[in-house]
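Read off the chains here:
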Amino acid sequence: MLLFCFVMSACLVQAQNIKVPTSSDVKKVEQSVTSEAAKTTNQVSIGNLIGQLTGNISDNAFTDTFKKNKGDFISKTNNIKDASGASSALQTLQGGLLPTAMDAGWSKVKDKWVKDAKTASTIKGVAGVAGRLESNINDSFFKGTWSQARPAWQAALGALAK
C-alpha cells in the first residue's frame, strides 16, 4: 500500500508539471504554420522552377537570339503563376535550345512534348512537361552547379505535379 501511494504521488507531481496550451497558444501556432506554408508555396512556383532550370543551362545550349534575351526571360518567368504562362515559357525555352543540346532520343518525343506543352492547362500538367524537357537536355549542357541543385528542383517540381 505504501508503494502504491508513493507511485500515485509521483504521478500527481508529474501531472502538475504538464502545461495545457491556452487557446491563444494554439492560435499562435496555427498562424505560424499558415505563414510558413504560404512562404513555401510562394517559393515553389512553376515560373520560379522554369527560371531555375533556364539559369542552370549553359549558354552554349541556346540560339544566339535566346542567349541575348536569357536574363529577361528568367526575370519574366519568376512572375508566372498560372499554367498558361508556364506552358508558354516552356515552349519558348524549348524553342531557344539548339538541337545539339538535346539527347539523341529527343527527336522521337519532341512532337508529343510540343503537343502536351500546348495543351497543358494545369500546373500539374505543366510540371510534367517541364520535367520531361529537363530530362531530355544533354547533361553536358548544364552548368556544374545543376547536379547539386537538381534534386531540390525535381522535388519541388514533383510537389507541383501532385
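Residues numbered from 1 in each chain as written. Predicted model: local features only at pLDDT ≥ 70, side-chain atom pairs only at ≥ 80, totals over all residues. Heavy atoms only, no water.

1. Considerations on the overall build of the protein
So, point 1. Each helix and strand counted, the protein has eight helices and zero strands in total.
So, point 2. Helices (α) and strands (β) of the protein occur, in sequence order from the N terminus, as α-α-α-α-α-α-α-α.
So, point 3. Relative to its 162 residues, the protein shows a buried fraction of 30%.
So, point 4. Put simply, 72% of the contacts in the protein that link residues at least 6 apart link residues at least 24 apart.
So, point 5. Carbon and sulfur atoms make up 58% of the accessible area of the protein, which amounts to about 10,300 Å² in all. (Helix = DSSP H or I, 4+ residues; strand = E, 2+ residues; numbered from the N terminus. Buried < 20%, exposed > 50% of the residue type's maximum accessible area, 1.4 Å probe, protein only. Contact = heavy atoms within 4.5 Å. Areas by Shrake-Rupley, 256 points an atom, 1.4 Å probe, with all protein chains shown as cover.)

2. Points about the nonpolar core
Grouped burial of nonpolar side chains is what soluble globular proteins tend to show.
So, point 1. Formed by 35 residues in total, the largest nonpolar core has its most connected members in Ile46, Ile57, Leu90, Leu93, Leu97 and Leu133.
So, point 2. Secondary structure elements with two or more residues in this core: helix 3 (46-55), helix 4 (64-77), helix 5 (83-96), helix 6 (106-119), helix 7 (123-135) and helix 8 (146-160).
So, point 3. In contact with Leu133, other than residues within four places in its own chain, are Leu90, Leu93, Gln94, Leu97, Met102, Trp106 and Trp113. (Core = buried A, V, L, I, M, F, W, Y, C linked by side-chain atoms within 4.5 Å.)

3. Remarks on the environment of Gly55
So, point 1. Along the chain, the position of Gly55 falls in helix 3.
So, point 2. Residue Gly55 is classed as partly exposed on the basis of its relative accessible area, which comes to 23%.
So, point 3. Taking the C-alpha atoms as reference points, Gly55 and Phe142, 87 residues apart in sequence, are found 9.2 Å from one another.
So, point 4. Dropping the residues within four chain positions of it, Gly55 is found in contact with Lys70, Ile74 and Lys143.

4. Remarks on the side chain of Asn136
So, point 1. Note on placement: Asn136 falls in the loop between helix 7 and helix 8.
So, point 2. Ignoring sequence-local partners within four residues, the contact set of Asn136 consists of Ala101, Met102, Asp103, Trp106 and Val109.

5. Concerning the environment of Lys143
So, point 1. As for its position among the elements, Lys143 is in the loop between helix 7 and helix 8.
So, point 2. When its relative accessible area of 38% is taken as the criterion, Lys143 is described as partly exposed.
So, point 3. For the pair Lys143 and Gly55, spaced 88 residues apart in the sequence, the C-alpha separation amounts to 8.7 Å.
So, point 4. Once you skip the residues sitting within four places of it in the chain, Lys143 turns out to touch Gly55, Asn56, Ile57, Ser58 and Lys70.

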